[in-house]
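So the chains spell out like this:
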Amino acid sequence: MNSGWPFQSTGTMLKRMTRLISRVHKLDPGHFLHMGTQAPQSLAAQLDSQVSFETPRAISRTSENDPAKHEEQHVGQHYSLPLQDMKTIFPHGLPPRFVMQMKTFNEACLMVRKPALELLHHLKNTNFDHPAVRYVLYGEKGTGKTLSLCHIIHFCAKQDWLILHIPDGHLWVKNCQDLLQSTYNKQRFDQPLEASIWLKNFKTVNERFLSQIKIQEKYVWNKRESTEKGSLLGEVVEQGITRVRNATDAVGIVLKELKRQSSLGIFHLLVAVDGVNALWGRTTLKREDKSPSGGAIVLTLSQTGSLFKPRKSCLPQELLGKEGFDALDPFIPILVSNYNPKEFESCIQYYLENNWLQHEKAHTEEGKKELLFLSNANPAQLERLCAYL
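These numbers come from a predicted model, not from an experiment.

Conventions and cut-offs
Residues numbered from 1 in each chain as written. Predicted model: local features only at pLDDT ≥ 70, side-chain atom pairs only at ≥ 80, totals over all residues. Heavy atoms only, no water. Phe/Tyr/Trp six-rings, centres within 6.5 Å; stacked < 30°, edge-to-face > 60°. Helix = DSSP H or I, 4+ residues; strand = E, 2+ residues; numbered from the N terminus. Buried < 20%, exposed > 50% of the residue type's maximum accessible area, 1.4 Å probe, protein only. Lys NZ or Arg CZ within 6 Å of the ring centre and 35° of its normal. Contact = heavy atoms within 4.5 Å. Polar contact = N/O pair within 3.5 Å; in protein donor to acceptor, adjacent residues only side chain to side chain. Pairing = 2+ DSSP bridges. Axes fitted to C-alpha atoms, helices over the stretch in contact; angles between N-to-C directions. Core = buried A, V, L, I, M, F, W, Y, C linked by side-chain atoms within 4.5 Å.

1. A short note on the packing of aromatic side chains
Stage number 1. All chains considered together, the criterion is met by seven aromatic pairs.
Stage number 2. Centroid distance Phe105 to Tyr350: 5.7 Å. Interplanar angle 80°. Geometry classified as edge-to-face. With a gap of 245 residues between them, Phe105 in helix α5 (residues 96-105) and Tyr350 in helix α13 (residues 341-353) connect regions that are remote in the sequence. Considered together, Phe105 and Tyr350 belong to a single accessibility category, that of buried residues.
Stage number 3. When the centroid spacing of 6.2 Å and the interplanar angle of 45° are considered together, the rings of Tyr350 and Tyr351 count as tilted.
Stage number 4. An aromatic cluster is built from Phe105, Tyr350, Tyr351 and Trp356, whose rings are joined through pairwise contacts.
Stage number 5. Arg208 extends its terminal NZ or CZ atom over the ring of Phe209, reaching a point 4.3 Å from the ring centre.

2. What to know about the environment of Lys214
Stage number 1. Within the element layout of this structure, Lys214 appears in the loop between α9 (192-210) and β7 (219-220).
Stage number 2. It is 7.8 Å that separates the C-alpha atoms of Lys214 and Lys229, two residues lying 15 residues apart in sequence.
Stage number 3. Those residues within four positions of Lys214 in sequence are excluded, and the remaining contacts are Gly230, Ser231, Leu232, Leu233, Glu257 and Gln261.

3. As for the side chain of Asn378
Stage number 1. Following the sequence through the fold, Asn378 ends up in the loop between α14 (365-375) and α15 (379-387).
Stage number 2. The class of Asn378 is buried, set by a relative accessible area of 7%.
Stage number 3. Of the polar contacts made by the side chain of Asn378, one reaches the side chain of Asn338; its length is 3.1 Å.
Stage number 4. Polar side-chain contacts of Asn378 include one of 3.2 Å to the backbone nitrogen of Ala380.
Stage number 5. Setting aside its immediate chain neighbours within four residues, Asn378 contacts Lys141, Gly142, Thr143 and Asn338.

4. So, the pairing of strand β4 (residues 162-166)
Stage number 1. With five of five residues buried, β4 is to be regarded as a mostly interior element.
Stage number 2. Neither face of β4 is left uncovered, since the one carrying Leu162, Leu164 and Ile166 and the one carrying Ile163 and His165 both have all their residues buried.
Stage number 3. Pairing of β4 with strand β9 (residues 269-273), which is carried by five bridges, proceeds in the parallel orientation. By the bridge assignment, Ile163 is partnered in β9 with Leu270.

5. Observations regarding the sheet that holds strand β10 (residues 295-300)
Within a sheet, each strand pairs with its neighbour through backbone hydrogen bonds, oriented either parallel or antiparallel.
Stage number 1. Pairing is parallel in the open sheet, where five strands are placed in the order β4-β9-β10-β3-β11. The two strands at the open ends of the sheet, each matched to only one other strand, are β4 and β11 (332-335). Strand-to-strand, the axes of this sheet are offset by a mean angle of 15°, without reference to chain direction.
Stage number 2. Alignment of β9 against β10, held across five bridges, turns out to be parallel.

6. Points about the nonpolar core
Stage number 1. Grouped together as the largest cluster of nonpolar side chains are 44 residues, with contacts concentrated most on Leu199, Phe202 and Leu258.
Stage number 2. Where this core is concerned, the elements lending two or more residues are β3 (133-138), β4, α9, α10 (233-242), α11 (247-261), β9, β10 and α12 (316-328).
Stage number 3. If one sorts the elements of this core by residue count, α11 sits on top with seven residues.
Stage number 4. Setting aside anything within four residues of it in sequence, one finds Phe202 in contact with Leu162, Ile163, Leu164, Leu210, Val237, Val254 and Leu258.
Stage number 5. Grouped together as the second largest cluster of nonpolar side chains are 35 residues, Leu110, Leu119, Tyr135 and Cys150 included.

Any link to function would need more than the numbers given here.
The structure is reproduced here in structure tokens:
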């Protein structure tokens, strides 16, 4: 394919998004990276001191299902997402065990948590005339970074933002399968099958925009096929879906056009990347420095696939390394911690309601304290424990 600009590997295309912005708001000097964990004994003491006169359902759920209206009083409560929204907003990107819960419970519920509320506050006050700001969700493994990201994606989708969601950066640049040598540069590799799957999901989430946004230059696919300047972006997406060999190039065009047009005020753009730290470290894929504006960039850091890093690493400077940290800096770090006492109690009640937790002692204070001790209030560990009881 020859369109007058160098097509690059899928990994490079991902970097086109996550290198993000050339100039961003400065961080508040008082906003330092921090880690806070509470010992199970400390949380148990707080559970003892909490006396609630609310019904269990009132503790675990809120009737406010619009993420734009979530406030401090909703922290720790679960809100319902219509199953139709799950199909159109999350064709990919949900944790596998959350998908299993959805099927088992026949409902989709997310807990409102403080990290997501902090991000929602920032997004509601976004100045779209300025370059996009980077937000980085970080924390220990299993604390709920991906589900907090999903809360943000749901908010932006309901606010009619264009969603550019990369659900697993590691798949693009490390756990690569079905590679083809790039026809443009023999030192680079394409992932046409991965790119084609991503394009299908991108189309599902953003179908309305694909029939409105027009490309700003002509793209030649081969001697017989081309997409003319002024054509709909949807035609490029279809080219990548129906001609799998062109899928990686189609992803590149989508990213290039969205970056170019996001500053025009035609649409608000959310770039959401789960496991962005995969872009730095030991990989043969090349990257380039490009930055969108007219929206926001929300990233998570993940221990999954972080090769040559200690298992307990969770701070941005640890998982990103110097190269990655310098590339993203400045950014606003948002810590996602283990459950606080209110969140822990709410989660237990939610599992009891849905029979995910059936042990006869699960209702008792002693039973809850034992679960607290075994899980250390870690959301992922608690879910796995309850699944077997």
